[in-house]
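Chain by chain, the residues run as shown.
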Amino acid sequence: MGRGGVSQVLGRNAVQMLDFLLFFSVMDLISAILKGGERPRKVLDRCLYINDCLEERGGSWVTAFQPTKEKHMTVLHQAASDEFCNLLPLAFFSLAARLPLERAGVQQDFVCFALEMYDRFVQLFVDGNPLLDQVQ
């Protein structure tokens, strides 16, 4: 199914549904990164595909990483484990590294948000997060 088909199937709530899909794919990406192997690449490709669909509908991939930006995302972040929410910076930079530079910079306040995520990422190492020991 092409990108247009995905948007048609999702209907008028497409952006919110794609936000959900991206969030759960990001959670899957964190899990895949922790396990290693070839799976992270496949999951990352899925995240990029969902991101493309989201951007076509006027959404922003950054929303998946901001629990307070949209009400529906707050609920998702509350449902996810604290361990996985703490590892969101790992997924953020994995995804950001695969996006063309001009697409990342289009997001309003992207640099400020990226710096916030970087600070959280560094804090994971400073705190000695044991889950990072699994990352290969």
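Residues numbered from 1 in each chain as written. Predicted model: local features only at pLDDT ≥ 70, side-chain atom pairs only at ≥ 80, totals over all residues. Heavy atoms only, no water.

*Asks:* Lay out the pattern of salt bridges in plain terms, naming residues and giving numbers.
*Replies:* Within this structure, the stated rule accounts for four salt bridges. With a shortest N-O distance of 2.4 Å, Asp-28 and Arg-39 are connected by a salt bridge. Here Asp-28 is found in helix α2 (residues 14-35), whereas its partner Arg-39 is found in helix α3 (residues 39-56), with eleven residues between them in sequence. Residue classification places Asp-28 among the buried positions, given a relative accessible area of 19%. You can call Arg-39 partly exposed: its relative accessible area is 36%. We note a salt bridge from Asp-28 to Arg-46, for which the minimum N-O separation is 2.8 Å. With Asp-28 in helix α2 and Arg-46 in helix α3, the pair connects residues that are 18 residues apart, well separated along the chain. With a relative accessible area of 35%, Arg-46 lands in the partly exposed category. The structure contains a network of salt bridges with shared partners spanning Asp-28, Arg-39 and Arg-46. (Salt bridge = Lys/Arg side-chain N within 4 Å of Asp/Glu carboxyl O. Helix = DSSP H or I, 4+ residues; strand = E, 2+ residues; numbered from the N terminus. Buried < 20%, exposed > 50% of the residue type's maximum accessible area, 1.4 Å probe, protein only.)

*Asks:* If you had to explain α2 to someone new, which residues and values would you point to?
*Replies:* When the terminal C-alpha atoms of α2 are compared, their 31 Å separation across 22 residues agrees well with the 32 Å that a helix rising 1.5 Å per residue should span. Gly-36 occupies a position one or two residues after α2 and carries a positive phi of about 80°. (Expected span 1.5 Å × (residues − 1).)

*Asks:* Describe the environment of Ile-50, listing the residues and the values that go with them.
*Replies:* For Ile-50, the location among the structural elements is in helix α3. Its relative accessible area of 7% is what places Ile-50 among the buried residues. Not counting the four nearest positions on each side in its chain, Ile-50 is found in contact with Leu-18, Leu-21, Leu-22 and Ser-25. (Contact = heavy atoms within 4.5 Å.)

*Asks:* Any details on the environment of Pro-89? Residues and values, ideally.
*Replies:* Looking at the element boundaries, Pro-89 is found in helix α6 (residues 88-98). Judged by its relative accessible area of 0%, Pro-89 is buried. Linking Pro-89 and Ala-114, residues 25 residues apart in sequence, is a C-alpha distance of 8.9 Å.

*Asks:* So what's going on with the packing of aromatic side chains? Residues and values would help.
*Replies:* Within the structure shown, the criterion is met by nine aromatic pairs. Ring centres of Phe-93 and Tyr-118 lie 6.5 Å apart, and the angle between their planes is 90°; on these two criteria the pair is classed as edge-to-face. Of this pair, Phe-93 sits in helix α6 while Tyr-118 is found in helix α8 (residues 110-126), placing the two residues 25 residues apart along the sequence. Geometrically, the ring pair formed by Phe-121 and Phe-125 is edge-to-face, given 5.3 Å between the ring centres and 80° between the ring planes. Here Phe-121 and its partner Phe-125 are both found in helix α8, four residues apart, which amounts to about one turn of the helix. (Phe/Tyr/Trp six-rings, centres within 6.5 Å; stacked < 30°, edge-to-face > 60°.)

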